[in-house]
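# Close look at the chain arrangement
These are the residues of each chain, in order.
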Amino acid sequence: PPHLTETYRGVHDQLVVMAPHPIQYAGLTYFDLPKEYFTRTLSTRYIDRLNTLASSLRKVGFEVLDPEGAYYLFVKYRSVQQLSEMGPWDASMYMVKEVGVACVPGTNFYGSDHAMQNEAQEYLRFAACRS
């Protein structure tokens, strides 16, 4: 509504134009880390997390596509009996509510109508960036 436009612009400015104060300090700390942290420690940490997550998902029936540098796994979920008849949104909500594992519907990552009606319906995305 027009009477809220100015307020929304102010909030938008605060969210996207400037980083919150604590994040600025985190950025300074980040830039002071040794190069080895990025070339060895961080990449190993992500690879270990991805491998553990992929192995666990495969054990329960997901078809895992191996990532090529990403921090997430894009998985086909229809081979998991409990999820086989669900759409991606319902499958992701089931995973959160009934299993306690967060994931995102694959449909969030497709743009074309053709893809949304086809391959997007087959996938869930699991992130390995947090533990």
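Our structure's up above, just so we're on the same page.
Residues numbered from 1 in each chain as written. Predicted model: local features only at pLDDT ≥ 70, side-chain atom pairs only at ≥ 80, totals over all residues. Heavy atoms only, no water.

## Let's talk about the pairing of strand β4 (residues 123-127)
Where burial is concerned, most of β4 is hidden: four out of the five residues are buried. By the bridge criterion, five bridges tie strand β2 (residues 72-76) to β4 in an arrangement that is antiparallel. Residue pairing in the sheet places Tyr72 in a bridge with Ala127 of β4. (Buried < 20%, exposed > 50% of the residue type's maximum accessible area, 1.4 Å probe, protein only. Helix = DSSP H or I, 4+ residues; strand = E, 2+ residues; numbered from the N terminus. Pairing = 2+ DSSP bridges.)

## As for helix α3 (residues 35-59)
If you check α3, its first and last C-alpha atoms are 36 Å apart, about what 25 residues at 1.5 Å a residue would give, namely 36 Å. At Thr41, α3 is bent by approximately 30 degrees, the largest bend along its length. Taken as a whole, α3 has its buried residues at Leu50, Leu53, Ala54 and Leu57. Here the buried face of α3 lies against β1 (63-65), β2 and β4. Directly after α3, the chain includes Gly61, whose backbone phi takes a positive value near 110 degrees. (Expected span 1.5 Å × (residues − 1). Bend = angle between axes of the 7 residues up to and from the residue. Contact = heavy atoms within 4.5 Å.)

## What to know about a nonpolar patch on the surface
A cluster of nonpolar residues, Val11, Leu15, Val16, Val17 and Met18, forms a patch on the protein surface that exposes about 500 Å² of accessible area. By the element assignment, Leu15 lies in helix α1 (residues 5-16). On the basis of relative accessibility, which here comes to 66%, the residue Leu15 falls in the exposed class. (Patch = residues over 30% accessible without salt bridge, like charges linked within 9 Å, V, L, I, M, F, W, Y side chains within 5 Å. Areas by Shrake-Rupley, 256 points an atom, 1.4 Å probe, with all protein chains shown as cover. Salt bridge = Lys/Arg side-chain N within 4 Å of Asp/Glu carboxyl O.)

## With respect to the sheet that holds β4
The antiparallel open sheet is built from four strands, whose spatial order is β1-β2-β4-β3. Of all the strands in the sheet, the pair left with one neighbour each is β1 and β3 (104-105). Sitting on the sheet, α3 touches β1, β2 and β4, and the angle it makes with β2 is about 15 degrees. (Axes fitted to C-alpha atoms, helices over the stretch in contact; angles between N-to-C directions.)

## Here we look at the pattern of salt bridges
Taken as a whole and assessed by the stated rule, the structure comprises three salt bridges. Glu36 is paired through a salt bridge with Arg40; the nearest N and O atoms lie 2.9 Å apart. Of this pair, Glu36 and Arg40 both sit in helix α3, four residues apart, roughly one helical turn. Looking at Arg40, the relative accessible area reads 53%, which means it is exposed. Residue Arg58 is joined to Asp66 by a salt bridge in which the shortest nitrogen-to-oxygen separation is 2.8 Å.

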